[in-house]
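# Results of the structural survey
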Amino acid sequence: MTMRLIQLLVIISVIALAISRRALASDPDITSDYILPENHTSTTVDASFFTYTGFRGLFDQAPKTFTATKASMDEFPALKGQSVSYTMLQFPPNSLFPPHTRLDSAGLMFVLTGSLEVGLIDTKNVLYTKKLQAGDMFVFPKGLIHYQYNADPNLPATAIAAFGSASARTVAVPASIFSSGIRDVVLAKSFKTDVSTVRKIRAGLKN
């Protein structure tokens, strides 16, 4: 990538973080072994509380578009206070998880099948990219913009990402910028383009 594109990614990062208005904070420590959800009426807990089956059958599916299936405390209440969660990432051929960041946690991705191109940009404007194969892992530090791309035109790819937060929130960079309500002329000047191009990008994100 060119230096200009790297600079654009840095600009996007700053704006996205400002729009999100979320603190860079990890999960708080808890003083008990686990936390029962508020709607848990029983006084007893069995192994089912600590079990999540929502990923069953995912490997039998072949989604047509990029799909991320979460196991956070919203889906798996036993994770509350445990500072851990998972996301299953399924990439059809030639599909992309667009640039995004996570403000609560670093992410550790493990490629299960296929291959993925990954990239991140740090606060010194350095871009790091790598082509990963099945069995490889890659860490995305907390708060840095990153992406994953399956460039293979024929084969899908699958990965699983682990996070040090029970609710690792995602800030999608394109949506945060172009769906934020910032005036077209401001974005056009920021990215050194014209209003027509900005409007085309907005329209594309709505589809």
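Cut-offs and rules
- Residues numbered from 1 in each chain as written.
- Predicted model: local features only at pLDDT ≥ 70, side-chain atom pairs only at ≥ 80, totals over all residues.
- Heavy atoms only, no water.
- Pairing = 2+ DSSP bridges.
- Helix = DSSP H or I, 4+ residues; strand = E, 2+ residues; numbered from the N terminus.
- Axes fitted to C-alpha atoms, helices over the stretch in contact; angles between N-to-C directions.
- Contact = heavy atoms within 4.5 Å.

## Section: the sheet that holds strand 6 (residues 127-133)
The strand order across the open sheet formed by five strands is 6-5-8-3-10, and the pairing between neighbours is antiparallel. Two strands bound the open sheet, and with one partner strand each, they are strand 6 and strand 10 (170-172). Sheet twist, expressed as the mean angle between neighbouring strand axes with direction ignored, is 25°.

## Re the sheet that holds strand 9 (residues 157-163)
Pairing is antiparallel in the open sheet, where five strands are placed in the order 1-2-9-4-7. The open sheet has two edge strands, strand 1 (67-71) and strand 7 (137-140), and neither has a second partner. Within this sheet the neighbouring strands show an average axis-to-axis angle of 20°, counted without direction.

## Some thoughts on the side chain of S115
Note that S115 resides in strand 5 (residues 115-121). For S115, the contacting residues outside a window of four places in its chain are K131, L132, Q133, N150 and A157.

## A few points about the environment of T69
Topologically, T69 is positioned in strand 1. Taking the C-alpha atoms as reference points, T69 and Y86, 17 residues apart in sequence, are found 8.5 Å from one another. Look past the residues within four positions of T69 in its chain and what remains in contact with it is F55, L58, Y86, T87, M88 and Q90.

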